[in-house]
Amino acid sequence: MECDKCGSDAIHHAAYSGAHLCGHHLRESVEKRVKRRIREDGLLDPDATPDDPDRWVIGLSGGKDSVALTQILDDVFGKDPRVEMLALTIHEGIEGYRDASVDACVELADDLSLRHELVSYEEEFDVRMDDVVEDDPEDMAACAYCGVFRRDLLENYAAEFDADKLLTGHNLDDEAQTAMMNFLEGDVRQVAKHFDASLGPFDERAETDAFVPRAKPLRDVPEKEIALYCHVRDLPTHMAECPHAEEAYRGEIQSTIHALEENHPGARHSIMAGYEELSALAADAYRGGGESGEDDEGDETGDDADASALGECERCGSQTSRDICRKCRLLESIEAV
């Protein structure tokens, strides 16, 4: 199998486009799509200057997606005085697993001379995920606890850094799964929020000071291509799966979309093209006076609640639609064990 671009040995066949690509042209293809997404979303504030730069926090876990995102952003903006970047790594307290990925984060940040901060659940919340999973006071999947704690730290540290944007490494597969889950759950309001929180171009989103807006520059690139990209560039990456990962429903959706993609190449791209257009329409409709949900603190992707319905948590001051935020309620439950 030869590369369509140069005739060298191909390492990947993208069935959705028919392209056969060697390592060099796979890298070129991935970077081209990420740069296009950056332009289309308007990631860089046009008013940013060296004296008043756009400040970005990158969620760097050490996995393939966040490592690829960090590397590409540094390639494009690392020497741009209009941009100031900080990589934030969160240690959940998972023995062995997170220690290895932190090493990858430190190596990458050192290679790029990138400012890097490491925070942990243990320091911030006095909990470790290994212990939470063992006790499981709420009888939930580990990811349900971890997602809430991770989201809280990302948002708080982004605010502390006075960041303009919070960037995460969600890829095409991640986003297609979330889109399908929102559709199957009939959660139109979540679809609307998804646009303003992380999908829409920045000049089309509703303005809010309640949270740091998110961006997902990798969301046009399939997961497999991100993994190959890291391999081709020999990036320091921790590829192991979290030992506590058990998102059963998302796993079913993942399998369904994988089967669709196998039989109908391009299905993921089609799902997202339609979803993004519908999310824009839904966002516009709900901004015009849509119903307000009772408990709306974000889905698994970390997308935030409707800012107009938010107040401050009585215990920690975080934004929430209830008197006490989800994080504090979970911590109370854990402490009671």
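Values in this document were obtained by computation on a predicted structure and should not be read as measured data. (Residues numbered from 1 in each chain as written. Predicted model: local features only at pLDDT ≥ 70, side-chain atom pairs only at ≥ 80, totals over all residues. Heavy atoms only, no water.)

Following the sequence through the fold, arginine 219 ends up in the loop between β7 (214-215) and α9 (223-233). Reaching out from arginine 219, the side chain makes a polar contact with the backbone oxygen of leucine 199 at a distance of 2.9 Å. Apart from the residues lying within four places of it in its own chain, the contact partners of arginine 219 are Arg37, Asp41, His170, Asn171, Leu172, Glu175, Ser198, Leu199 and Glu276. (Helix = DSSP H or I, 4+ residues; strand = E, 2+ residues; numbered from the N terminus. Polar contact = N/O pair within 3.5 Å; in protein donor to acceptor, adjacent residues only side chain to side chain. Contact = heavy atoms within 4.5 Å.)

We now examine the environment of isoleucine 90. Relative to the helices and strands, isoleucine 90 resides in strand β4 (residues 83-91). On the basis of relative accessibility, which here comes to 2%, the residue isoleucine 90 falls in the buried class. When the C-alpha atoms of isoleucine 90 and arginine 150 are compared, they prove to be 7.2 Å apart, with 60 residues separating the residues in sequence. Those residues within four positions of isoleucine 90 in sequence are excluded, and the remaining contacts are Arg98, Val119, Tyr121, Arg150, Leu153 and Leu154. (Buried < 20%, exposed > 50% of the residue type's maximum accessible area, 1.4 Å probe, protein only.)

A word on α9. Note that an α-helix has 3.6 residues per turn; residues three or four places apart therefore point the same way. Here α9 has its buried residues at Glu225, Ile226, Leu228, Tyr229, Cys230 and Arg233. Close packing links the buried residues of α9 with β1 (12-14), α1 (23-41) and α2 (64-77). One or two residues past the end of α9 sits aspartate 234, with phi positive at roughly 55 degrees.

Across the six residues of strand β3 (residues 54-59), five count as buried, placing the element largely inside the fold. Both β3 and β4 contribute to a ladder of six bridges, which runs parallel. Looking across to β4, one finds that valine 57 is bridged to leucine 86. The β-α-β motif built from β3, the intervening α2 and the parallel element β4 has right-handed crossover chirality. Strand direction decides the pairing type here: β3 and strand β6 (residues 165-167), joined by three bridges, are parallel. Along β6, the bridge assignment pairs isoleucine 58 with leucine 167. (Pairing = 2+ DSSP bridges. Right-handed = clockwise from strand over helix to strand, strands pointing away.)

There is a patch of like positive charges on the surface, built from Lys5, Lys32, Lys35, Arg36 and Arg39. Mapping lysine 35 onto the fold places it in helix α1. According to the relative accessible area criterion, lysine 35 is partly exposed, its value standing at 37%. (Patch = residues over 30% accessible without salt bridge, like charges linked within 9 Å, V, L, I, M, F, W, Y side chains within 5 Å. Areas by Shrake-Rupley, 256 points an atom, 1.4 Å probe, with all protein chains shown as cover. Salt bridge = Lys/Arg side-chain N within 4 Å of Asp/Glu carboxyl O. Lys, Arg positive; Asp, Glu negative; His and termini not counted. Charge placed at Lys NZ, Arg CZ, Asp CG, Glu CD.)

Turning our eyes to something else, we now look at the nonpolar core. Residues Val30, Leu43, Trp56, Leu73, Phe77 and Met85 are the most contacted members of the largest nonpolar core, which totals 35 residues. Of all elements in the fold, only β2 (19-21), α1, β3, α2, β4, α3 (97-112) and α9 reach the threshold of two or more residues within this core. Among the elements that take part in this core, α2 stands out by supplying six residues, more than any other. Grouped together as the second largest cluster of nonpolar side chains are 28 residues, Leu86, Val119, Val127 and Cys146 included. (Core = buried A, V, L, I, M, F, W, Y, C linked by side-chain atoms within 4.5 Å.)

Keep in mind these values describe shape, not function.
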